[in-house]
Amino acid sequence: MSTSRRLICSAGLVVLGILGAAPMTASAAEPVISTRTITVSNPSPSISCRPYGYSFGTLATFTAEFHLIQFFAGSTLVKQINHIDTTATLYRSDDLSKTIPYGANLTRTFDPAANTITITGLFRYTHPDGSGMVALDAGRTFVVPPTVISDTGPTMVEWQMAVCAALAAE
């Protein structure tokens, strides 16, 4: 093999080695991750049971934990994922001794480019004394703010009706 061919082959191997060692994927910024907890310990106004034929409303105490993951392209938000876990208590507004626990364990995904929100998991659930579900809103909800496009689970109204009925029976 001639000297010039050896140089060309060697140069080719060096270039191939450099290109092979370099990542060929576009680099993306690391996601921005944050957490926060919100606690409301004094019963505060929540849902009204009047539209469902009851003379009372509800008050709520709760703790909500948020685990937020944001993805950016430069300074532009391209996706936001929020894992939310809530434990709470609903009280009858006219008799604070009548309560029912409720909570949520869901993922809310926001796509800014499409301006859509997708909610999956247990959006709302209620169970007295841990003895079984009274009301449950699970599934997938797709929203183009402010309009709900699809909801595979019970609606918020159905959940509220069940909660009000359970508190009325207390």
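Basis of the calculations
- Residues numbered from 1 in each chain as written.
- Predicted model: local features only at pLDDT ≥ 70, side-chain atom pairs only at ≥ 80, totals over all residues.
- Heavy atoms only, no water.
- Helix = DSSP H or I, 4+ residues; strand = E, 2+ residues; numbered from the N terminus.
- Buried < 20%, exposed > 50% of the residue type's maximum accessible area, 1.4 Å probe, protein only.
- Contact = heavy atoms within 4.5 Å.
- Phe/Tyr/Trp six-rings, centres within 6.5 Å; stacked < 30°, edge-to-face > 60°.
- Lys NZ or Arg CZ within 6 Å of the ring centre and 35° of its normal.
- Salt bridge = Lys/Arg side-chain N within 4 Å of Asp/Glu carboxyl O.
- Pairing = 2+ DSSP bridges.

Student: Tell me what's going on with the overall build of the chain, and back it up with residues and numbers.
Tutor: Along its length, the chain carries two helices and seven strands. Starting at the N terminus, the α and β elements of the chain follow one another as α-β-β-β-β-β-β-β-α. Classification of the 170 residues of the chain by burial places 28% in the buried group. Contacts in the chain between residues at least 24 apart in sequence constitute 47% of all its contacts with a sequence separation of at least 6.

Student: Describe the packing of aromatic side chains, listing the residues and the values that go with them.
Tutor: Across all of its chains, the model carries two aromatic pairs by this definition. On the numbers, 5.8 Å between centres and 55° between planes, the contact of Y102 with W159 is tilted. Separated by 57 residues along the polypeptide, Y102 in strand β4 (residues 95-111) and W159 in helix α2 (residues 156-169) bring together distant segments of the chain. Among the residues examined, Y102 registers a relative accessible area of 16% and is labelled buried. Sitting over the face of the ring of F66, R36 holds its NZ or CZ atom 4.6 Å from the ring centroid. Just above the ring of F56 sits the side chain of R92; from NZ or CZ to the centre is 4.1 Å.

Student: For the pattern of salt bridges, give the residues involved together with the corresponding values.
Tutor: Enumeration according to the criterion identifies one salt bridge in this entry. The salt bridge involving R92 is made with D94; its shortest N-O contact spans 2.9 Å. Looking at R92, the relative accessible area reads 11%, which means it is buried. The partly exposed category is assigned to D94, whose relative accessible area is 47%.

Student: Quick rundown of the side chain of T58? Include the residues and the values.
Tutor: Inspection of the secondary structure assignment puts T58 in strand β2 (residues 57-73). Given a relative accessible area of 3%, T58 falls into the buried group. Residues contacting T58, with those up to four places away along its chain left out, are S44, P45, S46, I47, C49, L90, Y91, S93 and L167.

Student: Residue-level account of the pairing of strand β5 (residues 116-126), with values.
Tutor: As paired elements, β4 and β5 share nine bridges and run antiparallel to each other. Following the sheet pairing, G103 is matched in β5 by Y125. Counted between consecutive antiparallel strands, the loop separating β4 from β5 contains four residues, among which N115 sits at a positive phi close to 55°.

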